[in-house]
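Take a look at the letters that make up each chain.
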Amino acid sequence: MDGRERHSSDSEHDTDRPSKRPRHSDSVPATIPSSATHAYSHGMHSTAVSNGNGHAHDSGQHSGALPPLSLSILGVEPMDEFIREIADFIHFQISSRPQDLNGIVEVEAKIGVLRERETGQRLQLPVLVETILTPNSIDLRFESNMSPKQHQHYNKLLNNLKTATSSAHPASTLAYQHLHLIDNFYAPESGRGEKIRVTRNEKTGEVLATVRKIRLADLNIYSPKRAADWRISVNLEVPVPPPLGSPTHSRKKDRMSYSHEEFVIDLTQVTATSGPNSKPEVLHELELELARPEYLLATAAKRGDPNASELERGAFDELIRAFVNNARILVRNADGGWQ
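Position numbers for residues start from 1 in each chain and track the written sequence from start to end. Totals for whole chains, interfaces and linings use all residues, but because this is a predicted model, local features are given only for residues with pLDDT of at least 70 and pairs of side-chain atoms are given and counted only at 80 or more. The side-chain values count all of the structure's non-hydrogen atoms but skip hydrogen atoms and water molecules.

Caption draft 1: Structural context of the overall build of the chain. Comment: elements are numbered from the N terminus, with helices defined as DSSP H or I runs of at least four residues and strands as E runs of at least two. Helices and strands together make up the secondary structure of the chain, namely 4 helices and 12 strands. With 339 residues in all, the chain has 38% of them scored as buried. Within the chain, contacts between residues separated by at least 24 positions form 68% of all contacts whose residues are at least 6 apart in sequence. Looking at the chain as shown, the accessible area adds up to about 19900 Å², and 51% of this sits on carbon and sulfur atoms. Categorising residues by exposure relies on relative accessible area from a 1.4 Å probe, with only protein chains included: less than 20% of the type maximum marks a residue as buried, more than 50% marks it as exposed, and the intermediate range marks it as partly exposed. Whether two residues are in contact is decided by their heavy atoms: any pair within 4.5 Å suffices. Accessibility throughout is a Shrake-Rupley quantity obtained with a 1.4 Å probe, and a residue counts as covered only by protein chains that appear here.

Caption draft 2: Inspection of helix H1 (residues 81-95) at higher detail. Expected span of a helix, by definition, is 1.5 Å for each gap between consecutive residues, and there is one gap fewer than residues. The end-to-end C-alpha separation of H1 is 20 Å, in line with the 21 Å expected for 15 residues at 1.5 Å each. Within H1, 12 of the 15 residues are buried, which leaves the element mostly enclosed by the surrounding structure. Along H1, the positions that sit buried rather than exposed are Phe-82, Ile-83, Arg-84, Glu-85, Ile-86, Ala-87, Asp-88, Phe-89, Ile-90, His-91, Gln-93 and Ile-94. Each element contacted by the buried residues of H1 is listed here: strand E3 (104-116), strand E4 (131-132), strand E8 (207-222), strand E9 (229-239), helix H3 (293-302) and helix H4 (310-332). Two N or O atoms form a polar contact when they lie within 3.5 Å of each other; inside protein one atom must be a possible hydrogen donor and the other a possible acceptor, and for residues adjacent in sequence the pair counts only when both atoms belong to side chains. Structurally, the start of H1 carries an N-cap: the backbone nitrogen of Phe-82 is 3.1 Å from a side-chain oxygen of Asp-80.

Caption draft 3: Spatial organisation of unusual backbone geometry. Positive phi outside glycine occurs at Asn-136, with the angle close to 65°. Within the secondary structure, Asn-136 sits in the loop between E4 and strand E5 (140-143). Backbone geometry places Glu-261, a non-glycine residue, at a positive phi of 55°. Relative to the elements of secondary structure, Glu-261 occurs in the loop between strand E10 (249-260) and strand E11 (263-273).

Caption draft 4: Structural view of the nonpolar core. What makes a nonpolar core is a set of buried Ala, Val, Leu, Ile, Met, Phe, Trp, Tyr and Cys residues whose side-chain atoms join them at distances within 4.5 Å. Core analysis: the largest hydrophobic core is formed by 47 residues, its most contacted members being Ile-86, Ile-90, Val-107, Trp-230, Ile-232, Leu-296 and Phe-323. By residue number, the principal contributor to this core is H4, which donates 9 residues. Counting 6 residues, the second largest nonpolar core, distinct from the first, contains Leu-123, Leu-133, Leu-140 and Phe-142.

Caption draft 5: Representation of the confidence of the model for the chain within the structure. Values of pLDDT, the confidence the predictor places in each residue, fall between 0 and 100. A residue-level look at the chain finds 78% of positions with pLDDT of 70 or above and a mean pLDDT of 84. Low pLDDT (under 50) marks residues 1-27, which in the prediction has 38 contacts with non-local residues, meaning those over four places away or in another chain. Overall, residues 29-60 carries pLDDT values under 50, and its contacts beyond four positions in sequence, including any with other chains, amount to 30 contacts.

Caption draft 6: Highlighting the side chain of Gln-93. Within the fold, Gln-93 resides in helix H1. For Gln-93, a relative accessible area of 11% translates into the label buried.

Caption draft 7: Structural view of the environment of Phe-82. With respect to the helices, strands and loops of the structure, Phe-82 is situated in helix H1. For Phe-82, a relative accessible area of 14% gives the class buried. Taking C-alpha positions, Phe-82 is 8.1 Å from Thr-131, a pair spaced 49 residues apart along the chain. Setting aside anything within four residues of it in sequence, one finds Phe-82 in contact with Glu-130, Thr-131, Ile-132, Ile-221, Trp-230, Val-324 and Arg-328.

Below, the structure is given as structure tokens:
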């Protein structure tokens, strides 16, 4: 399917965009690899400085601040096509999901590296900034496993955010849980389709979920200036009866889970085994997830509804805007050393 066919025509009107929340500077310094050096930095030796209105002036002649500038000649900020594309993608997947399956919608962003399937090398494209890839346009794979050093880096970063007081939002802090989980996977009774996953609390043995996870679609974002890329996935988790027989494989998860407003950030060390005599494989993963599927669906239903208030119509796009911003913060704080 052409990715353009899934989007509604209302994305072309800037004046229909919801009002945006005030923007604040990030409290976490974003680390930028040396490869992020601007491609045309050789042109930066001029003493003339643009003041934003098309006129250059000498930096030594005027030290006063500019008066407030209009957002544009129309008085509105042009649509952010990057965020709108992701919002349209998620909205389309939600709206077109199988209605006969009573499943829970899951939207997540995983941090990792996009690699060429043939060579195994990180993807290289002739673009300067982060770019959404057309689905199925390139033969690639997404690798979410990071190095132990990278895992430790994110652990320290998130723990610092947990203990620090936010000056921008004092009441909006990170909540923290340390979870020990075991996923056992079972073949479906029909022998075809998605495996059944049974998740238990490792310490108590309590069954937390028995589901069949159906992947609806993925959207890959290539970030040439950063040490990592990211992938957005929309899934459907369908509750099923407890399976019979023995599991085909298992995953032991040591998870540090950080909750902030409408989002959950999971930093997980996974010990995976494919059989009783197989050697365990240790993986490290980082993902961002929307915390309340019911709120996601409620805001999606009001998007573009002429009978809803402006606030209700714009709630979905604001939710996705914050989701994208959080994913970008995680990517831009990648510390290199990806496996």
